[in-house]
Structure formats: C-alpha cells, structure tokens
Amino acid sequence: LAYLTLDATRAVFAIVLLFSTLLKLLFIGLLFKTQSYISKYLQDMDFDNIYIGDVYERIDERRKNESRMYLLPLKSHERKTVFWHKIGYTGAEWVRAIKAVIKSTILGIGLTMLFAADNYLHSLMYVLDVVTQGDLKLGGSSGQSNTAAAATLLAGDGFAAELIKGILDGFLNLMNIDLTYKLSGCAPKVILSSHDLRFRFGILWATLLLLGIFSGYLLRLRHIVVGFFYPMAHQRRQVHLYNTMLANRMRDLNTNRNLLVQRVKENRLQHEVRLLSKPSMIAEVAPKLAKVLRLTKGTCVICRDTREPGSEMYICPVDGCATCHQCQRIISNDPEFCVACVDRNEASITDALGKLEQIYKNRSPNLT
C-alpha cells in the first residue's frame, strides 16, 4: 500500500508539473499571437478589416449629404461579412465559441479528476494515520534480574563456566532492553484539499466557460483596443474598407442594372414585381400582428435586398413594387420613382427600355 501511495503521489505531482509548464507555454503563445496580430493590423489593410466604425460612418454621412452614392445601411449580403451594429454571432464565431467551450470543459473535467484522485488518496492514507496513532513497546526491564547472584551459582574458572556465564549475561541484558516505538512519528499526516482551493477552481472553470461563450465579442473588442492605441492606422483601415465596399457596391449596381434591363427586354419585370410584392401568409391573415412582428418587409426589385418600409425602402402604392432608396437614387432624384410604373405606363417595351437606358446613362456620372 505504501508503494502504491508513493507512486500515485509521484504521478499526481508529475501531472501538476505538466499543467504548470503548459500554462507557461500558453502565456508565451498568447504574447506571440498578440504581437503577430498587431503587426498584421499595421501592415495589411485587409487583415481583419471587417468592422465599421465611426470614421466609416462619418464618410458615409458626408457622401449622403452631398447626394453622392452612399453605403449605409448595408445590404443583406454585406451584413454577412462586415460587422455593423451586429449583436448576434456569425457562423464562424459560433464555431469558435463552441470549440472554446469544449476545450474549457475538457480542462475542467481533467482538474475535477485530479480532485477526485486527491480524495481517493486521502482516504487511503487516512487509514495509515489511524493505525499509527498508538505506540509499540517491545521487551522491558524485569526489575528482578541479578547477574551477581547468578554468577555465584557457577563455580569454577574453566572454559565451560565462562561460556555459560557469558550466555546468562547476554540473556539478562536482553531482558533489560526497553524497545518503545512511537508510530505517530511515521504517520503520513495527509491533508485534504481545502474548500477554498476547490472554490477557486470552480471560479476559474466558470471564468473559462464564460470566456469561451463570449469569445466572439472579445474578438470584436480587440480591434477597438488596437485602434485606440493606433488611431492613424485605424483611420486608414476604415477609409480602405469604405473604398473597397464602394467599389463592390458599384459593381453590384452595374450588374443589377444589366439584369433589370434584361428583364424588361424579356417582359418579365411585371411578373417578378407581383411575386416580390406578394405579402406573407401572416401578413395576409393578421396584418397588425405582422406589423408588430416586423414581418411586413419589402424586397427591392433591383438589388433583391429585403428591408422594412421606411425612409430606406419605398413601396409603390399602385402595385406594391419595392425599391430601396440607394438603388432608387442611381435612377432618379424623385423619391417616389417606381421602375415598374415606368415599364407599365409606356406604350411599348422598346420605349420603356430606351427610357431606362437613358436614365442610367444620365445618372452614371453622378454615382462616384
């Protein structure tokens, strides 16, 4: 039992030493990753440049006031890759958070097993403490032995007499030996892990789980911290992000324009308007409930973006054709301009197509 206990103690000590070394290496790795992130943040404009900040919003507001092409609010496909007032997690953030929670759970289970092993070893060693509470006494003085009296019984000075006398002296000396062992001095005196230590472990485990759950928000926070210490780099990155998204938006608008012209040529625009303007089942059955649940949304006939009716989405009262304000401004300055009405009111498709092409041609120089 003693050998098994010693081996178990050595194993636990080795595991604790291994964990301590891993934590030190983890801290060094954290410092290395921090330095790597800052270096890439300062050198690469596209690295982790997916967060819209105050600089981006000021640029967009200025362009909007100048009646130029602006970007906010973002389109639905842009909101999937760029963070702007986003609360929920993206798919990648969910995967990262789940991995962090799993790692924290495995670490917590491992430490819990160490505490269980500590309890088991304590129960084994406590038996030795109980057994070694008394004293062990061997031999003792008789108090009646007298070597002189025994010597008088032996007469002569020969070899046999001396031999017998020596044997008797040896036995008498053994009878006078007092062997008392205090077993309590050999007791292991085991100590169980304190409740304070277990409480700290519980707090640490809960902290790791919370950090794993909110890892997505912590990753969003890092660009704010770096931007605070490097304001000029933050401003350059915001301008670069705006220019990149502006070029992408312009390319998308040109593509949507060509698709719109193609639909007019094929005489499919009115049919698509009827499909897009059809309300949902809940809106047909309970329009007030749909309004409360914000289900009364319109889909832009040009870019197919879905938004709620308001300042950024115009709903034609004639046929319910929805046009977002950003797409509408590239065609006409009239805030109530409707592409479907132009197509429907013209005498022929050719005239409608020519009018749309002329409108786009006149508006193209004002987009940049």
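Above: the structure in question.
A brief look at the structure comes next.

Scoring rules and cut-offs
Residues numbered from 1 in each chain as written. Predicted model: local features only at pLDDT ≥ 70, side-chain atom pairs only at ≥ 80, totals over all residues. Heavy atoms only, no water. Axes fitted to C-alpha atoms, helices over the stretch in contact; angles between N-to-C directions. Helix = DSSP H or I, 4+ residues; strand = E, 2+ residues; numbered from the N terminus. Parallel < 35°, antiparallel > 145°, perpendicular 65-115°, else oblique. Left-handed = near helix turned anticlockwise from the far one by under 90°. Contact = heavy atoms within 4.5 Å. Nonpolar A, V, L, I, M, F, W, Y, C, P; charged D, E, K, R; others polar. Salt bridge = Lys/Arg side-chain N within 4 Å of Asp/Glu carboxyl O. Buried < 20%, exposed > 50% of the residue type's maximum accessible area, 1.4 Å probe, protein only.

With that settled, the discussion passes to the packing of helix α2 (residues 54-65) against helix α9 (residues 231-265). Where α2 contacts α9, the two axes come as close as 8 Å, and the packing angle between them is 50°. Judged on the interaxial angle alone, α9 and α2 are oblique. Here α2 runs over α9; the crossing is right-handed. For the pair α2 and α9, the contacting residues are D54, V55, Y56, I59, D60 and R63 in the first and H234, Q235, Q238, V239, L241, Y242, M245 and L246 in the second. For the contact of α2 with α9, the class distribution of residues is 8 nonpolar, 3 polar and 3 charged.

Right, let's get into the pattern of salt bridges. Under the criterion given, the structure shown has 12 salt bridges. Where R58 meets D54, a salt bridge forms, and the shortest distance between an N and an O atom there is 3.7 Å. Remark: D54 and R58 occur in helix α2; sequence separation between them is 4 residues, near one turn of the helix. The partly exposed category is assigned to D54, whose relative accessible area is 42%. The partner of E78 in a salt bridge is R249, with the nearest N and O atoms 2.7 Å apart. Taken together, the positions of E78 in helix α3 (residues 76-79) and R249 in helix α9 put the pair 171 residues apart, joining distant regions of the chain. The two residues E78 and R249 agree in class, both being buried. A single salt-bridge network, built from bridges that share partners, covers R263, E266, R268, E272 and R304.

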